[in-house]
Amino acid sequence: MQTKSAHRIYVLPLILLSLCLLGSVAVGSVFIAPGTLLGLFGARLSGKIIPADWQPYAAIVFNLRLPRTALIALTGAALSGSGAAYQGLFRNPLADPYLIGVASGAGLGAVLAMSIQWPYSIWGLLAVPVFSFLTAMVAVLAVYQLARVGKTLPVTNLILAGVAISSFTTALTSYLMISASGELRRALVWLLGGASHTGWQPVLAILPFVILGLGILASLGHALNVMQFGDEQAQQLGLPVNRVRWLVILAASLTTAAAVSFAGIIGFVGLIVPHTVRLIWGGDYRRLLPLSILNGATLLLCADILARLVLAPREVPVGIITALGGAPFFLWVLRRAKQQNFW
Amino acid sequence: MLNVNDVCVSFSNNRILSDINLHVARGEVLGIIGPNGVGKSTLLRAISASIPLERGSVRVMGKDITGLTSNERARLMAVVPQARSLPPAFTGWETVILGRTPHISWLGHVSARDQEIARLAMQRTETLHLADRPICEMSGGEQQRLLLARALCQSAPVLMLDEPTTHLDLKYQYSLLDLVRRLAREDGLTIIITLHDLNLVSRYTDRVALLVNGRIDALDTPARVLNAGLLSRAYQLPLDVISDRHNGQAMIVPALR
C-alpha cells in the first residue's frame, strides 16, 4: 500500500528510448550499421580523426540524423508531457494539445510570426515560439471558457470547443499561408508535422522552452494528484489551486508551442502516451508525468522511423503516422470514458 | 477557538446566509440542523473559505482565515465533504495520504511519519482494508469514512463534516459519530457537523444551531433546541419530541395522524 519508491519503473522506458534514439540515427535512406554508429560516436567523443571511408556517414549522422532525432525526441516529450498535464488539469481523458485546439492555436502564432520573418535569423527563432506561445494561451483559455459548465468540464464539450477553436485557427492559418507568397509555402510541409528543418539550430532553439516547460510540469505531479478531487477539495487540502492551474496552463502551452514551432502540428501523441502509461503504471501524476515525457519521446521516434520507411526513399510527414494510429485510439478512449469506470 | 462573526453570504444578489454568529470551543461538537436548502453546506463552505464572504469574518485561534494561504488554512481546519464525484482510479491509500498535503513539500514526498499518521487515521475510521482498493469499487459509506480519514491526516484543530452519515448504514452511523465525539473529547478537536437525522443530534452534539432561511433560529444545547414548537416551525411539519426510555434523550417523530 505504500507508494513504491523504486526507480525501477523507469528502467524499461529508458531502455526503449535508447533503442529508439539509436534506431532513429541508424535508419533512413542510407542505413548505418550500429557498429559503424558506435565507432563514429567513439571517434567524435575521443576527438580522433574519422577514417576516410566513414566520412560520408559522419556528415549524415552529425549534421542530419542526430539533430533530427533530438528534435523529434524533444517534440514527442513536449507533446506527451503537456497532454498528461492538460488531462490532469481538466480532469478529462481526452485533453490532448491537438484535440483541444492548443496545437492549432500555436500553429497560427507560428505562421503569423513566419509571415513577418522566416525562422532562420535570431529574431525569427525567438519570434516564432513566442508568438506561438501567446496564441496557444489564447486558444486554451478560449476552449476552457467555451467548454465549461459551471465548475465542471464535460468530456464532449471540451472536444467540441476544441474542434471549433481548432477549425477557426486552422482557417486563419491557411488564409495567411495562401495570401502570402514564396517562402511561406514551406510552412505547409512544416505544418503537417514533418521535421523539415535541418541542422542544430532548431534543436538549440526549442531546448530552453522544452526544458523550462517540462521541468515545471514534472514538479506538479503531487499538485495534479490533489486536483483530481476537484477545486474545492484541493483548496481545502491546502493546495493553492489558482497558482497550480496557471502554472499548468502556462507550462503546458509553452511546451506545446515550442514543439509546434519547430516540428509542426503533430496530433494524438499527447493522448496515446499518457493513456498507455496510465494503464501500465497507474494514475499517480508523480509518475505519470515523467513517464509520459520519456515514452512520448520514444513513441514519436518510432513514428518518425516509420515515416521514413513506409514510402522509402521518400518521407511521410510524421503527423500523418501519428494521426493514423491516434484516431482509432481516440475512439477507443472515448468509448472507455463513456463507461466512466476507469478515469 | 472558532469564531464566526456576522457572516453574510450572497450568490448573485441572493442572500444565502445572514448575520451568522457562532463560537465553538475546543473539544466541542456543534451540530447544524435545518431543512433542505437553508444553507447548511454553504455555511461550512463559508467557514472553510471555499466561497467568499460578503461580510463578517471567520477566526480560528484568533487568526482571520481569509488572510491565510490555503496551506495555512488547511493546517487549521479540515473538511469532510460529501462523497461525490471522487476520482475513481485512486486507491484508498492514495486518497488518504493526500490529507498530508499541507504538511509535505510541493513535490509530495511523504515521510515515514506521514505514512504512520495516515495509517492511524485509517485504523480509527476502520478503513485500513480499503487501502489498495480503487474508489470506484467502494460503497458511498466506505468513501465517506475514507474522506474522514483523509481529513484526520491534516492534523488540524478544527474539523468540519458535511452530512457525514448520509450514505452510512446504522452501524457505521453510530461508529462514525462515536469517533467524532471521541475526537472532540480525547483529541480536543473543535468540530462542526451538519446532520439530517435529528435523533443523532441529541446524542452526539454539545450544542445545536438550527438554521432557517439562512439565519440561525436557535443556538443552544440539544435539549433546548430540540423542542417541538421550534422544530415544527422550522421544518413546516408537525413534530413531537418524546423522551428515549433508556437514557432520556430527545427523540423526534412526526406528529402525523
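Remember, it's a predicted structure, so these values are computed and weren't measured experimentally. (Residues numbered from 1 in each chain as written. Chains lettered and ligands numbered in written order. Predicted model: local features only at pLDDT ≥ 70, side-chain atom pairs only at ≥ 80, totals over all residues.)

## Here we look at the overall build of chain A
Thought 1: Along chain A, the regular secondary structure elements total 14 helices and 0 strands.
Thought 2: Along chain A, helices (α) and strands (β) appear in the sequence α-α-α-α-α-α-α-α-α-α-α-α-α-α when read from the amino end.
Thought 3: Across the 343 residues of chain A, 51% fall into the buried class.
Thought 4: By sequence separation, contacts in chain A at least 24 residues apart represent 77% of the contacts at least 6 residues apart. (Helix = DSSP H or I, 4+ residues; strand = E, 2+ residues; numbered from the N terminus. Buried ≥ 20, exposed ≤ 12 C-beta atoms within 10 Å, placed from the backbone. Contact = placed C-beta atoms within 7 Å.)

## Thoughts on the environment of P51 of chain A
Thought 1: Among the structural elements, P51 of chain A can be located in the loop between helix 2 (34-46) and helix 3 (55-90).
Thought 2: Separated by 206 residues in sequence, P51 of chain A and A257 of chain A place their C-alpha atoms 41 Å apart.

## Some remarks on the sheet that holds strand 5 (residues 63-64) of chain B
All names here are of chain B.
Thought 1: Judged by pairing direction, the sheet is antiparallel, and its 4 strands sit side by side in the order 2-1-4-5 without closing on themselves. Here the strands that pair on one side only, and so sit at the sheet edges, are strand 2 (14-24) and strand 5.
Thought 2: Pairing of strand 1 (residues 2-11) with strand 2 involves 7 bridges; the strand directions are antiparallel. Along strand 2, the bridge assignment pairs L2 with V24.
Thought 3: Where helix 1 (residues 40-47) meets the sheet, its contacts fall on strand 1, strand 2 and strand 4 (55-60), and the angle it forms with strand 2 comes to roughly 65°. (Pairing = 2+ DSSP bridges. Axes fitted to C-alpha atoms, helices over the stretch in contact; angles between N-to-C directions.)

## Examining the packing of helix 8 (residues 201-218) of chain A against helix 11 (residues 241-263) of chain A
Residue and element names in this part refer to chain A.
Thought 1: Where helix 8 meets helix 11, the closest approach of the two axes is 8 Å, and the angle between their N-to-C directions is 160°. Classed by the angle they form, the pair helix 8 and helix 11 counts as roughly antiparallel. For the pair helix 8 and helix 11, the crossing hand works out as left-handed. Together, P202, A205, I206, F209, V210, L212, G213, L214, I216 and L217 of helix 8 and L247, A251, A252, L254, T255, A258 and F262 of helix 11 make up the contact between the two elements.
Thought 2: Split by residue class, the contact of helix 8 with helix 11 holds 15 nonpolar, 2 polar and no charged. (Parallel < 35°, antiparallel > 145°, perpendicular 65-115°, else oblique. Left-handed = near helix turned anticlockwise from the far one by under 90°. Nonpolar A, V, L, I, M, F, W, Y, C, P; charged D, E, K, R; others polar.)

## Concerning the sheet that holds strand 6 (residues 77-80) of chain B
All names here are of chain B.
Thought 1: Within the open sheet, the 6 strands sit side by side as 6-7-8-3-9-10. Their pairing is mixed. Taken across any chain shown, the strands that pair with only one partner, and hence form the sheet edges, are strand 6 and strand 10 (215-220). Strand-to-strand, the axes of this sheet are offset by a mean angle of 15°, without reference to chain direction.
Thought 2: Relative to strand 7 (residues 158-162), strand 6 runs parallel, the two being bridged by 4 bridges. Bridge pairing in strand 7 places V80 opposite L161.
Thought 3: Packed onto the sheet, helix 5 (residues 140-153) meets strand 6 and strand 7 and runs at close to 175° relative to strand 6.

## What about helix 3 of chain A?
All names here are of chain A.
Thought 1: The end-to-end C-alpha separation of helix 3 is 51 Å, in line with the 52 Å expected for 36 residues at 1.5 Å each.
Thought 2: In the structure, helix 3 departs most strongly from a straight axis at V61, where the bend amounts to approximately 40°.
Thought 3: Looking one or two residues beyond helix 3, the residue adopting positive phi is R91, at roughly 50°. (Expected span 1.5 Å × (residues − 1). Bend = angle between axes of the 7 residues up to and from the residue.)

## Examining the domain arrangement of chain B
All names here are of chain B.
Thought 1: Annotation of chain B at the domain level lists domain 1 (2-61 + 157-254) and domain 2 (88-155).
Thought 2: Put simply, the middle of domain 1 and the middle of domain 2, counted by C-alpha atoms, are 26 Å apart.
Thought 3: Every contact between the two is made by 9 residues of domain 1 and, on the other side, 9 residues of domain 2.
Thought 4: With 4 residues, helix 6 (residues 170-185) is the largest single contributor of residues to the side of domain 1 that touches domain 2. (Domains from an automatic or database assignment.)

## Notes on the interface of chain A and chain B
Thought 1: With 24 residues of chain A in contact, the opposing surface of chain B contributes 28 residues.
Thought 2: Of all the secondary-structure elements, those providing two or more residues to the side of chain A that touches chain B are helix 9 (221-227) and helix 10 (231-236) of chain A.
Thought 3: For the side of chain A that touches chain B, the residue count by class is 8 nonpolar, 13 polar and 3 charged.

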